[in-house]
Amino acid sequence: MNDQDSQRRVVIIGGGFAGLFAARMLRRAPVRVTLIDRRPHHLFQPLLYQCSTGILSEGKIAVPLRDLLRKQKNTDFVLAEVTGIDADGRRVLATRPLGDQMEFGYDYLIVAAGVQQSYFGHDEYATWAPGMKTIEDALVIRRRVFGAFELADTAADPAERSRWLTFALVGAGPTGVELAGQIREVATKTLRDEYRHIKPEDARVLLFDGGDAPLTPFGPDLSAKAARTLDKLGVEQHMHSIVTDINATGLSVRAQDGTVTRHEAGTVLWTAGVAAPPVAAAIAAATGAKQDRAGRIMVGDDCTIPDHPEIFVTGDVMSLNKLPGVCEVAMQTGIYVGERIKHDVAGDMPTKPFRYHDLGSAAYLSRGNAVVSVGRLQFAGFLGWVVWLVIHIGFLTGFRNRLGAVVSWWPAFIRDVRRERTYTTEQVGLVRSTYDVLPPSIAGTALPGSTSGTELHSAGTEPSGRTG
Ligand SMILES: Cc1cc2nc3c(=O)[nH]c(=O)nc-3n(C[C@H](O)[C@H](O)[C@H](O)COP(=O)(O)OP(=O)(O)OC[C@H]3O[C@@H](n4cnc5c(N)ncnc54)[C@H](O)[C@@H]3O)c2cc1C
């Protein structure tokens, strides 16, 4: 038996913030680490909205996991989707991209699978209203947002033109607010001189939410400042509004007094809810763990599943003391769990429970305008934007992307130039792939075998706040 065979095996499911930080904590530990992710990259989700609105390319917000782990000789990366575990046999079950099955034995298991979009039981909305969780989502949104202006430009019917120039966003949490502000900036600044038949600045952006105000978790002051800024940007805020239907041409919403109003909109985007991925239910079934309403796995204050001290749950997929789904929770739980395993291997399992240190929340509203809340300190407007910038530069994982992001931000922040507007239209003649889910009456001709441009995502709400 060589040294490696005698070493304990750690399997990590997911290479997001939680999984990556756990792996990094174990880099010098005498263990063999296998990190399994269904995607080859680590994604910086907080900047997805900049990718979808043409400021940053995919490569600036996603780094190959292999690259990030290349110097970590005790760690192997596997591209596969984990489907479940055999808790008694201590095996992780996974499927390779080509469909065949794989298994991985473990002594310690770290579950760091994140969350996915939830449509609160209406998965059919996903066809018309893409969510914002993955690179695929961001590229679909980019295609729909910039494609909508093209369709408006060539629409002969004024009603159709006005529909393509209407963008509806569901959810006034940070992601919805950020996207709404960006779409107005695209319309009023980036595209303003580019069209001959429409005025891009005529684009309407409607923001719907069931609550009282946008960004309520930031507290009444910052929330009110954000509402005023959105107002100035031209975002039409519809609070106390519950979506009752979404289809190809818009959405219907119910107001507090029960009246239902139909809004024609060529683009509807969904940023309202989150749910645990299917693997969480499989792990709960295998271990007897409880799940919260959003399907997240409930753990003790050492991040383990009851009666399974060898299985840790971290980040967004973990349910503990109502902690928010934000990067800081993911990173801090990843570090905590990595440390715990290191000590256990060394024979001195610590007993300290996980303690979360809240570093604050930030949301970007428009160029030169953001809201940031750090403990008792609150920043808004230009100062908030400067703090936002410093936080985000500091948090980008990997130097290459950090520098790349700064270089890409420069023209966008100084001159409203968005260089990353490329999207694909596989059948250029018909531009059908821009809106390949539309029925013939809307898209022109039927697209044989066409499918949704979005991934169909399979309850909770958007992270209450954002840790910077
Ligand atoms: C649009 C958006 C904006 C956000 N903005 C902010 C912000 O400004 N500040 C902030 O603090 N937080 C923000 N968040 C939240 C933050 O991104 C998350 O809290 C953080 O990414 C959670 O990290 P995680 O490691 O738990 O999960 P994730 O980063 O989601 O990583 C989970 C990983 O698990 C993989 N995975 C899932 N299921 C499987 C499976 N079955 N098999 C293999 N792999 C699997 C996924 O591919 C993924 O790589 C934002 C989130 C979104 C979506």
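Located above this text is the structure these notes cover.
Chains are numbered independently. Their residues run from 1 in the order of the written sequence. Local features in this predicted model are restricted to residues whose pLDDT is 70 or higher, and side-chain atom pairs enter the listing and the counts only when it is 80 or higher, whereas totals over whole chains, interfaces and linings include all residues. Hydrogens and water are ignored here; the side-chain numbers use all heavy atoms of the structure.

Hey, could you run me through the nonpolar core in this one?
Side chains of a nonpolar character, in soluble globular proteins, are inclined to be buried together. By nonpolar core we mean a set of buried residues, namely Ala, Val, Leu, Ile, Met, Phe, Trp, Tyr and Cys, connected to one another through side-chain atoms within 4.5 Å. Exposed residues in this analysis have more than 50% of their type's maximum accessible area, buried residues have under 20%, and partly exposed residues fall in between, with area computed by a 1.4 Å probe over protein chains only. With 70 residues, the main nonpolar core has Leu-47, Ile-61, Phe-149, Trp-388 and Trp-409 as its most contacted residues. Every helix listed is a DSSP run of H or I at least four residues long, and every strand listed is a run of E at least two residues long, numbered separately from the N terminus. Looking at which element gives the most residues to this core, the answer is helix α6 (residues 135–153), with 8 residues. Working rule for contacts: check all heavy atoms of both residues, and any pair within 4.5 Å makes them a contact. The contacts of Trp-409, once residues within four sequence positions are left out, are Leu-47, Gln-50, Ile-55, Leu-56, Trp-388, Leu-389, His-392, Ile-393 and Ile-414. Val-33, Ala-80, Val-92 and Leu-320 belong to the second-largest nonpolar core, a separate cluster that totals 53 residues.

I tried to follow the sheet that holds strand β24 (residues 369–374) on my own but got confused; where do I start?
Hydrogen bonds between backbone atoms are what pair the strands of a sheet, whose relative direction is either parallel or antiparallel. At least two DSSP bridges between two strands are needed for those strands to be called paired. The antiparallel open sheet is built from 3 strands, whose spatial order is β23-β24-β25. Unpaired on one side and paired on the other, β23 (361–366) and β25 (377–379) mark the two borders of the sheet. Each strand axis lies, on average, 10° off the axis of its neighbour in the sheet, ignoring direction. Sitting on the sheet, helix α9 (residues 220–233) is in contact with β23, β24 and β25, with an inclination near 15° to β23. What counts as an axis is a line fitted to C-alpha atoms, over the stretch in contact for a helix, and the angles between N-to-C directions run from 0 to 180 degrees. Packing of helix α12 (residues 381–395) onto the sheet brings it into contact with β23, β24 and β25, and relative to β24 it is tilted by some 70°.

I would appreciate a short explanation of the pairing of strand β2 (residues 31–37) in the present structure.
Taken residue by residue, a regular strand's side chains alternate between the two faces of the sheet. Burial analysis of β2 places 6 of its 7 residues in the buried class, which makes it a mostly covered element. The pairing of strand β1 (residues 8–13) with β2 spans 6 bridges and is classified as parallel. Opposite Ile-12, over in β2, you have Leu-35 as the bridge partner. For crossovers, right-handed means that the path from the first strand over the helix to the second runs clockwise, given strands pointing away from the viewer. Handedness of the crossover joining β1 and β2 through helix α2 (residues 17–25) is recorded here as right-handed.

I keep staring at α9 and nothing clicks. Help me out?
In this scheme, a helix's expected span is set at 1.5 Å multiplied by one less than its residue total. The terminal C-alpha atoms of α9 lie 20 Å apart, and with 14 residues this matches the ideal 20 Å at 1.5 Å per residue to within 8%. Every buried residue belonging to α9 is among Leu-222, Ser-223, Ala-226, Thr-229, Leu-230 and Leu-233, and all of these are buried. Within α9, the buried residues cover an arc of 125° as seen down the axis, which keeps them to one side. Exposed residues pointing more than 90 degrees away from the buried face of α9 are listed as Pro-220, Asp-221, Arg-228, Asp-231 and Lys-232. On the buried face of α9, the contacting elements are α8 (174–190), β12 (204–208), β13 (235–238), β23, β24 and β25. Gly-234 sits one or two positions beyond α9 and adopts a positive phi of about 100°. Working definition: the arc comes from the directions between the helix axis and the C-beta atoms, pointing outward to the latter.

What should I look at first to understand a nonpolar patch on the surface in this one?
Grouping into patches uses exposed residues only, defined as over 30% relative accessible area, and leaves out salt-bridged ones; the cut-off is 9 Å for like charges and 5 Å for nonpolar side chains (Val, Leu, Ile, Met, Phe, Trp, Tyr). Surface exposure here means Shrake-Rupley accessible area, sampled with a 1.4 Å probe, where a residue is shielded only by the protein chains that are shown. The rule for a salt bridge is simple: a side-chain nitrogen of Lys or Arg has to be within 4 Å of a carboxyl oxygen of Asp or Glu. Taken together, the side chains of Phe-382, Leu-383, Val-386 and Val-390 present a nonpolar region at the surface, about 390 Å² in accessible area. By the secondary structure assignment, Val-386 is in helix α12.

Can you help me understand the sheet that holds strand β15 (residues 250–254) in this one?
Spatial strand order, β14-β15-β16: 3 strands in an open sheet with antiparallel pairing. Every interior strand has two partners, whereas the edge strands, β14 (242–247) and β16 (260–264), have only one. Geometrically, the sheet is characterised by an average inter-axis angle of 20° between neighbouring strands, direction not taken into account. Summarising the sheet, β14 and β15 pair through 5 bridges and their orientation is antiparallel. Note that in β15 the partner of Val-243 across the bridge is Val-253.

Can you help me understand the packing of aromatic side chains in this one?
Where two aromatic rings form a pair, the distance of their centres and the angle of their planes describe that pair. Pairing of aromatic rings covers Phe, Tyr and the six-membered ring of Trp, with a centre-to-centre limit of 6.5 Å; geometry is then stacked below 30 degrees between planes, edge-to-face above 60, and tilted otherwise. Taken as a whole and assessed by the stated rule, the structure comprises 15 aromatic pairs. Here Tyr-125 and Trp-270 contribute two aromatic rings whose centre-to-centre distance is 5.7 Å and whose plane-to-plane angle is 55°, an arrangement assigned as tilted. Of the two residues, Tyr-125 sits in the loop between β10 (116–118) and α6 while Trp-270 sits in strand β17 (residues 267–270), which places them 145 residues apart along the sequence. When the ring of Phe-149 is compared with that of Tyr-195, the centres are 6.3 Å apart and the planes differ by 40°; the resulting orientation is tilted. Highlighted residues: Phe-149 in helix α6 and Tyr-195 in the loop between α8 and β12, separated in sequence by 46 residues. Residue Phe-149 shares its accessibility class with Tyr-195, and that shared class is buried. Among the aromatic side chains, those forming a connected cluster through ring pairs are Tyr-49, Tyr-364, Phe-382, Trp-385, Trp-388, Trp-409 and Phe-413. In this structure, Arg-163 is placed above the aromatic ring of Trp-164, and the distance from its NZ or CZ to the ring centre is 5.4 Å. Both a distance and an angle decide whether a charge sits over a ring: NZ of Lys or CZ of Arg must be within 6 Å of the ring centre and within 35 degrees of the ring normal.

What is the right way to look at the pattern of salt bridges in this model?
Any two side chains of opposite charge can pair if their charged atoms end up close together. Considering all chains together, one arrives at 18 salt bridges under this definition. A salt bridge links Arg-9 to Asp-107, with the shortest nitrogen-to-oxygen separation between them at 3.3 Å. Here Arg-9, found in strand β1, pairs with Asp-107, found in the loop between β8 (101–105) and β9 (108–111); they are 98 residues apart in sequence, far enough to count as distant. Among the residues examined, Arg-9 registers a relative accessible area of 30% and is labelled partly exposed. A salt bridge links Asp-292 to Arg-296; its shortest N-O distance comes to 3.0 Å. When salt bridges that share partners are traced, they join Asp-86, Arg-91 and Glu-103 into one network.

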